[in-house]
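# Close look at the chain arrangement
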Amino acid sequence: MRLYDNELDEDGYRVRLMLAMAGLSCERIAVDQGAGGSPVGPVSGPVDAVPTLEDGRRRIAGAPSALLHVAAIAGAPWLPDGPAGERVARWLDFAADALAPARKARRDALFGLGARPADVAAARQAFRRLDDWLTVAGYAGEGFVAGPSPTVADVALLPSFALSRDYGLEHDEFPAARRWFRRLRALSGFIAMPGIPDYH
Amino acid sequence: MSGAVALSLAASLEPGSVTGTHLLGRELALWRDADGAPHVWEDRCPHRGMRMSLGFVRGSAIACLYHGWRYRADGRCEHIPAHPDLAVPDTIRVPVFPVVEAAGIIWTAAEGDLVLPGLPAGPVTAVRSVTVDRGEDDLWAAVAALPAPDGSPVAIEAAGDRVRLLTLGGDRLIAALQPVETGRSALHLVLVGEDAAPERLERLAGWAVALRASAEGGEAR
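A brief structural summary. This one's a predicted model, so the numbers in the text were calculated from it and none came from an experiment.

This next bit is on the overall build of chain A. Scanning chain A from terminus to terminus reveals seven helices and four strands. Reading the secondary structure of chain A in the N-to-C direction produces β-α-β-β-β-α-α-α-α-α-α. The principal-axis extents of the C-alpha atoms in chain A amount to approximately 50 × 40 × 30 Å. Within chain A, the fraction of its 200 residues that count as buried is 52%. For chain A, the share of sequence-separated contacts (at least 6 apart) that also reach a separation of at least 24 residues comes to 65%. Taken as a whole, chain A presents about 8,300 Å² of accessible surface, with 53% of it coming from carbon and sulfur.

Okay, here's the thing in structure tokens:
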């Protein structure tokens with residue numbers, strides 16, 4: 001497999017993390033990105049989205065599809081069926097929609113003119129919902145969003161939470177999400193990126 | 001103001017971990033060493049001002065993320081990786097605050113001595129912490145106004161400056177308020193008693209979420 005991505009891109013990290021957690025390796029090709037996140041300049045092979053995963057002759061564009069592709073290869077624990085699978089689907093949806101302001105806030109803070117307060121506020125509300133959910137899951141002894149073991153949904157959610165300090169949103173008020181983040185960092189296969197340490 | 005102020009539920013701080021928090025706008029690093037003892041420090045490395053809460057705990061010491069300066073539990077720097085043979089001067093230290101863990105809560109003192117309020121004896125169960133964008137008075141007013149999960153009015157008994165005992169239906173809770181900064185407070189909630197069923201804790205957590213919504217929905221004073 002081959003991954004077109006950028007070291008500082010949150011969505012690229014999503015796919016790298018899923019690959020690493022699943023114990024899969026890939027060749028990485030660095031792509032420059034504009035402030036909006038689209039590829040710019042000469043790249044090795046034409047891709048119009050970052051990240052893009054290449055598996056044989058297939059090209060899978062964008063983190064949501066690439067994550068599902070890798071999780072399907074990894075198998076049941078990462079992409080469960082039944083009730084846990086429904087929870088996974090719900091949280092993947094959440095990662096795509098409710099966390100969009102978080103991704104935008106970080107991009108604007110790092111590569112643009114600064115995060116918009118409305119995006120930071122929306123990101124904070126999303127992390128509250130994640131923290132509320134993980135708090136209650138913890139009462140039943142479940143440490144991850146879809147149950148007692150990690151899934152692709154945790155991998156989809158983690159980068160936005162982990163990188164929130166890039167636009168000044170601290171983790172103080174999310175104790176359950178903080179412990180969940182630490183739990184994920186301790187898993188074998190966890191990898192770092194700038195802003196996300198792998199120590200715990 | 002005097003006496004004890006809550007900073008966290010004890011259960012939210014695992015051995016070998018560190019987090020940032022705020023007390024009256026002041027940045028604090030809250031960490032627990034590998035042996036389980038909690039520590040409350042100023043959140044600032046004396047070297048370059050990096051936040052200690054981004055550092056890492058190793059055994060009974062904590063190290064700064066920037067250059068690895070390592071500090072022991074009394075706040076003294078014990079090791080500087082760039083100068084491994086240096087006997088580190090006594091004056092390099094992080095300001096340390098008093099800390100006590102009691103009734104499932106980690107307490108410090110905003111100023112003066114740490115004097116714990118009178119709290120129910122016996123085991124407790126962590127419910128949750130909830131952070132609300134309101135000052136202390138607004139948050140307590142919202143606590144008084146919100147019915148218990150069973151619809152009954154909440155009974156409130158003062159236990160300390162910022163600590164109250166709540167009766168919510170058949171449940172008795174310790175509610176300890178942390179003045180985070182102007183216009184923001186956290187409420188740390190523990191249930192008096194042990195072996196609480198998950199459903200019971202979930203009901204109480206739901207009450208805390210409703211409290212956040214009703215407090216933030218009301219007018220700020």
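All names here are of chain A. With twelve residues, helix α4 (residues 100–111) extends 16 Å from end C-alpha to end C-alpha; this agrees with the ideal 16 Å at 1.5 Å per step. Within α4, burial applies to Pro 101, Ala 102, Arg 103, Ala 105, Arg 106 and Asp 108. Looking at the buried residues of α4, the elements they touch are α1 (10–21), α3 (82–97), α5 (117–139) and α6 (152–162).

It is worth spelling out the nonpolar core at this point. A:Phe127, A:Leu157, A:Leu158 and A:Trp180 are the most contacted members of the largest nonpolar core, which has 53 residues in total. Listing elements by their share of this core, those giving two or more residues are α1, α2 (63–74), α3, α4, α5, α6 and α7 (175–185) of chain A. Per element, the largest residue contribution to this core is eight residues, and it comes from α6(A). Judged by nonpolar contacts, the second largest core, of 27 residues, contains B:Val127, B:Val130, B:Ala205 and B:Trp207.

Now for the interface of chain A and chain B. Each side of the interface is counted separately: chain A has 18 residues, and chain B has 31 residues. Across the chain A to chain B interface the summed buried area is about 2,000 Å²; carbon plus sulfur atoms make up 42%. Our count for the contact surface shared by chain A and chain B stands at eight salt bridges. At the junction of chain A and chain B, the tally comes to 15 residue pairs in polar contact (both at pLDDT 80 or more). If you list the elements that add at least two residues to the side of chain A that touches chain B, you get α5 and α7 of chain A. In the side of chain A that touches chain B, the residues fall into five nonpolar, two polar and eleven charged.

So, about the packing of aromatic side chains. Throughout the structure, instances matching the rule amount to nine aromatic pairs over all chains. With a centroid separation of 5.9 Å and an interplanar angle of 80°, the aromatic rings of A:Phe127 and A:Phe174 are classed as edge-to-face. Of this pair, A:Phe127 sits in helix α5 while A:Phe174 sits in the loop between α6 and α7; the two residues are 47 residues apart in sequence, bridging distant segments of the chain. Each of the two residues, A:Phe127 as well as A:Phe174, counts as buried. A network of ring pairs unites the aromatic residues A:Phe127, A:Phe161, A:Phe174, A:Trp180 and A:Phe181 as a single cluster. Sitting over the ring of B:Trp140, B:Arg164 keeps its end group 4.1 Å from the ring centre.

This part is about the pairing of strand β3 (residues 52–55) of chain A. Residue and element names in this part refer to chain A. Across three bridges, strand β1 (residues 2–5) lies against β3 in antiparallel orientation. From the neighbouring strand, Leu 3 faces β3, where its bridge partner is Leu 53. Note: β3 against strand β4 (residues 58–61), four bridges, orientation antiparallel. Its bridge partner being in β4, Glu 54 is matched across the sheet by Arg 59.

About the criteria used
- Residues numbered from 1 in each chain as written.
- Chains lettered and ligands numbered in written order.
- Predicted model: local features only at pLDDT ≥ 70, side-chain atom pairs only at ≥ 80, totals over all residues.
- Heavy atoms only, no water.
- Helix = DSSP H or I, 4+ residues; strand = E, 2+ residues; numbered from the N terminus.
- Buried < 20%, exposed > 50% of the residue type's maximum accessible area, 1.4 Å probe, protein only.
- Contact = heavy atoms within 4.5 Å.
- Areas by Shrake-Rupley, 256 points an atom, 1.4 Å probe, with all protein chains shown as cover.
- Expected span 1.5 Å × (residues − 1).
- Core = buried A, V, L, I, M, F, W, Y, C linked by side-chain atoms within 4.5 Å.
- Buried area = accessible area lost by both parts, 1.4 Å probe.
- Salt bridge = Lys/Arg side-chain N within 4 Å of Asp/Glu carboxyl O.
- Polar contact = N/O pair within 3.5 Å; in protein donor to acceptor, adjacent residues only side chain to side chain.
- Nonpolar A, V, L, I, M, F, W, Y, C, P; charged D, E, K, R; others polar.
- Phe/Tyr/Trp six-rings, centres within 6.5 Å; stacked < 30°, edge-to-face > 60°.
- Lys NZ or Arg CZ within 6 Å of the ring centre and 35° of its normal.
- Pairing = 2+ DSSP bridges.

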